[in-house]
Amino acid sequence: MLDDRYETGCMMKKEKRTEKGKKKNFGKLLMLVEVILIIAALMVAGLIYVRMQVAAVQKTSTQSFEEMKRHYAFITTSVEDNFRNKIYEGAKQYAEEEGIYLEWFGKELAIDYSKRELLKMAITSEVDGIILEGDDSEEIQGLIDWADEEGIPVVTVLTDSYNSKRKSFVGISNHNLGREYGRQIIKIANKETKEAMLLIDVNAEDSGQNIILNGIKETLANEGNHLNIEVNTLAISADSAFEREEAIQSIFLNREELPEIIICLNEENTISVYQAAVDYNLVGEINILGYSANETILNAVSRNVIVSTAVVDYEQMGIYCVQALDEYLEASRVNDFVTIDVSTVTKKNVERYLEDAGE
């Protein structure tokens, strides 16, 4: 009898443990199901949120695209220079007014792509038009021709790609610029003036500098034949500011061989020559014909350290580029060469330019 009671008690305890175990396992299973349901709910909520964000972005992108009737690419050799920024700002402002999106390819990219690579990107992106700082390389000319085959018109700016299928070139007339430099030389030279030195960029690929030189010589031959002045050139490397400064300072080391007139074709050389004239105490002994019109150069003109400086309206240049693309796309024709105005700033009119620079 005792054995039966003992066995019965053991069985009851075993059954209770079994029931507890089942309840415990069921509780664990229930918790697992709850966790899975919570994770699933979070995933669904996350997917819904992502879809909503994607839909919002797509809606915004579609609206932006619908607001802009065309997409133009702006591609230059450098994205740092002040005058290239002026061209872009002038073009961008005009483009926005016309409902056109102008994108400066390579401007905000972390990787420094070459002009060739950027041009390929623009073509494969199927933009409506390209504003390109051209050059004489066969590779760039070939890419311009490829863009033309794809129905994308290309307008070159600053430097042309003569033998390509570009639709128009927007820039200054280098021959007219040379003639203006020649006229400035005639104004300041006399029969004792022996030499004028033209500083050229040794890395320049185009023939524009030769055209400027020919314009100077032609003007001196036609309008300054009473003078006996020789025009020489000095190649300046623009690879680094140090190399430029060193090359320009070497001009001033020997006063006996110092040319009476130095002609600069860019802003950097103009400032370097001006600073060297001040550093070597040669202000008044050398005549500087500069290029560009930042505040430093204009102040130097005001103080008679720089005789005159050539000023290009770069904002106008940018506007003309956009207009050239618009004209071709709308009328299937455009002028082959669009000339930008070049003004000469002297002490007589420098105050007006200084006011504009201040503003």
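In case you missed it, the structure is sitting above this.
Just so it is clear, the model here is predicted, and its values are computed rather than measured.

1. Let's talk about the overall build of the protein chain
Okay, step 1: The secondary structure content of the protein chain amounts to eleven helices and twelve strands.
Okay, step 2: In the protein chain, buried positions account for 41% of the 359 residues.
Okay, step 3: Total accessible area on the protein chain is roughly 21,000 Å²; 50% of this is exposed by carbon and sulfur atoms.

2. As for the pattern of salt bridges
Side-chain pairs of opposite charge can arise where the charged atoms are in close proximity.
Okay, step 1: Considering all chains together, one arrives at 13 salt bridges under this definition.
Okay, step 2: The shortest N-O distance in the salt bridge between D160 and R166 comes to 2.7 Å. R166 carries the same exposure label as D160, and that label is buried.
Okay, step 3: Notably, a salt bridge pairs R183 with E223, separated by 3.7 Å at the nearest N-O pair. Residue R183 is found in helix 5 (residues 174-188), and its partner E223 is found in helix 6 (residues 208-223); the two are separated by 40 residues along the sequence.
Okay, step 4: Several salt bridges converge on common partners, so that one network encompasses R179, E180, R183 and E223.

3. Section: the sheet that holds strand 3 (residues 129-132)
Backbone-to-backbone hydrogen bonds pair the strands of a sheet. The strands run either parallel or antiparallel.
Okay, step 1: Spatially, 2-1-3-4-5-11 is the arrangement adopted by the six strands of the open sheet, whose pairing is parallel. The outermost strands of the open sheet, each flanked by one partner alone, are strand 2 (100-104) and strand 11 (337-339). Mean inter-strand twist for the sheet, computed between neighbouring axes without regard to direction, equals 20°.
Okay, step 2: The pairing of strand 1 (residues 70-75) with strand 2 spans five bridges and is classified as parallel. By the bridge assignment for strand 2, A73 is matched with E103.
Okay, step 3: Contacts between helix 2 (residues 82-97) and the sheet are confined to strand 1, strand 2 and strand 4 (154-157), with strand 2 contributing the most and set at about 160° to the helix.

4. Observations regarding the packing of helix 5 against helix 6
Okay, step 1: Across the interface, helix 5 lies against helix 6 with an axial gap of 7 Å and an inter-helix angle of 45°. When the axis of helix 5 is compared with that of helix 6, the two are oblique. Between helix 5 and helix 6 lies a crossing of right-handed hand. In contact with N174, H175, L177, G178, R179, Y181, G182, R183, I185 and I186 of helix 5, helix 6 contributes G208, I211, I212, G215, I216, E218, T219, L220 and E223.
Okay, step 2: Tallied by class, the residues present in the contact of helix 5 with helix 6 amount to eight nonpolar, seven polar and four charged.

Parameters at a glance
Residues numbered from 1 in each chain as written. Predicted model: local features only at pLDDT ≥ 70, side-chain atom pairs only at ≥ 80, totals over all residues. Heavy atoms only, no water. Helix = DSSP H or I, 4+ residues; strand = E, 2+ residues; numbered from the N terminus. Buried < 20%, exposed > 50% of the residue type's maximum accessible area, 1.4 Å probe, protein only. Areas by Shrake-Rupley, 256 points an atom, 1.4 Å probe, with all protein chains shown as cover. Salt bridge = Lys/Arg side-chain N within 4 Å of Asp/Glu carboxyl O. Pairing = 2+ DSSP bridges. Axes fitted to C-alpha atoms, helices over the stretch in contact; angles between N-to-C directions. Contact = heavy atoms within 4.5 Å. Parallel < 35°, antiparallel > 145°, perpendicular 65-115°, else oblique. Left-handed = near helix turned anticlockwise from the far one by under 90°. Nonpolar A, V, L, I, M, F, W, Y, C, P; charged D, E, K, R; others polar.

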